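# Coordinates in review
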Amino acid sequence: GGLLQTPLLEVGSISGGGSVTITGGMVQAQALYVGLAPPQSATSLVTVAGGSLIIPNVGGLASIGGGGPGQIAVSSGTLSAGTIMVGASPFSFGNQPGTLSISGGTVKGNLLVGEDSFHGSTGTVWITGGSLPDTMTIGDTGIGNMYVLSNVVFHPSEGVIVGNSNGGVGSLNLQGGTSFSPQE
């Protein structure tokens, strides 16, 4: 498969929604914004159904939702970023939701769910399979929800924080015999 390298990948910018589907090959960017457009825009979507979406670990940011609604769905392949913010507005506008759905594949990076208390964005993560990040903060400075709906076992080497900072409200919902255990 193919390789796309770009300094910035914006999906749903200025005044509209957008969609990117990765089924093979590799997409590399220094930053990814999904749902950067103003609130009246359509939901922007990135689907990783094979291949890799790589935002380098040193300073690499993947932001989902915030200015406009955004979603990333990982069913196979790899999503890797230094930081993955779900429900966050890295700029001075927006309060739209961000959603990360993981049904397979691998997700790597520092996961911050609900990262924007100033603008009121909400981040939601749905997990039904796959390999999960080593570090997770649910409700960092905003409202964050995580739903684990199947027999997913993961070993958070850095831990899981629920409701972190001033304004942070987190909710972790475990269903279906889910097992969390520290990495040995």
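Treat the numbers as computed from the prediction; the structure is a model and nothing was measured.

## What about the overall build of the protein?
Each helix and strand counted, the protein has zero helices and 15 strands in total. Burial status across the protein gives 46% buried among its 184 residues. Considering only residue pairs separated by 6 or more positions, the protein has 75% of its internal contacts joining residues 24 or more positions apart. As displayed, the protein has an accessible area near 7,700 Å², and 52% of this comes from carbon and sulfur atoms.

## Some remarks on the nonpolar core
Ranked by internal contacts, the top residues of the largest apolar core, which has 32 residues, are Leu 32, Leu 53, Ile 72, Ile 84, Leu 100, Leu 111 and Val 125. Looking at this core element by element, the count peaks at six residues for strand E6 (residues 70–86). Setting aside its immediate chain neighbours within four residues, Val 125 contacts Val 86, Leu 100, Ile 102, Leu 111, Val 113, Asn 145, Met 146 and Tyr 147. Counting seven residues, the second largest nonpolar core, distinct from the first, contains Ala 31, Met 85, Ala 88 and Leu 112.

## Observations concerning the environment of Thr 106
By secondary structure assignment, the location of Thr 106 is in strand E8 (residues 106–113). Judged by relative accessible area, which is 22%, Thr 106 ranks as partly exposed. Ignoring anything within four residues of it in the chain, the contact list for Thr 106 reads Val 74, Gly 77, Thr 78, Leu 79 and Ser 131.

## A closer look at a nonpolar patch on the surface
Taken together, the side chains of Val 160, Val 162, Leu 172 and Leu 174 define a hydrophobic patch exposed on the protein surface, amounting to about 270 Å² of accessible area. Within the residue set of the nonpolar patch, elements represented by two or more residues are strand E13 (159–162) and strand E14 (169–174). Within the secondary structure layout, Leu 174 lies in strand E14.

## Some remarks on the environment of Pro 156
Assignment of secondary structure puts Pro 156 in the loop between strand E12 (153–154) and E13. Of the residues examined, Pro 156 reaches a relative accessible area of 13% and is grouped as buried.

Rules used throughout
Each chain carries its own residue numbering, running from 1 in the written order of its sequence. Restriction of local features to residues with pLDDT of at least 70 applies here, the model being predicted, together with a cutoff of 80 or more for giving and counting side-chain atom pairs; totals for whole chains, interfaces and linings are based on all residues. Here the side-chain values reflect all heavy atoms present in the structure, with hydrogen atoms and water set aside. Helix and strand assignments follow DSSP, with helices taken as H or I runs no shorter than four residues and strands as E runs no shorter than two, numbered in order from the N terminus. Relative accessibility under 20% of the residue-type maximum defines a buried residue, over 50% an exposed one, and the middle range a partly exposed one, all with a 1.4 Å probe and only protein chains included. Contacts are residue-level and defined by heavy atoms, with any inter-residue pair within 4.5 Å sufficient. Residue exposure ignores everything except the shown protein chains as possible cover, and the areas themselves are Shrake-Rupley values with a 1.4 Å probe. Put simply, a nonpolar core is a bunch of buried Ala, Val, Leu, Ile, Met, Phe, Trp, Tyr and Cys residues held in one set by side-chain atoms that sit within 4.5 Å of each other. Patches were defined on residues exceeding 30% relative accessible area and lacking a salt bridge, with like-charge contacts within 9 Å and nonpolar side-chain contacts (Val, Leu, Ile, Met, Phe, Trp, Tyr) within 5 Å. By salt bridge we mean one thing: a side-chain nitrogen of Lys or Arg within 4 Å of a carboxyl oxygen of Asp or Glu.

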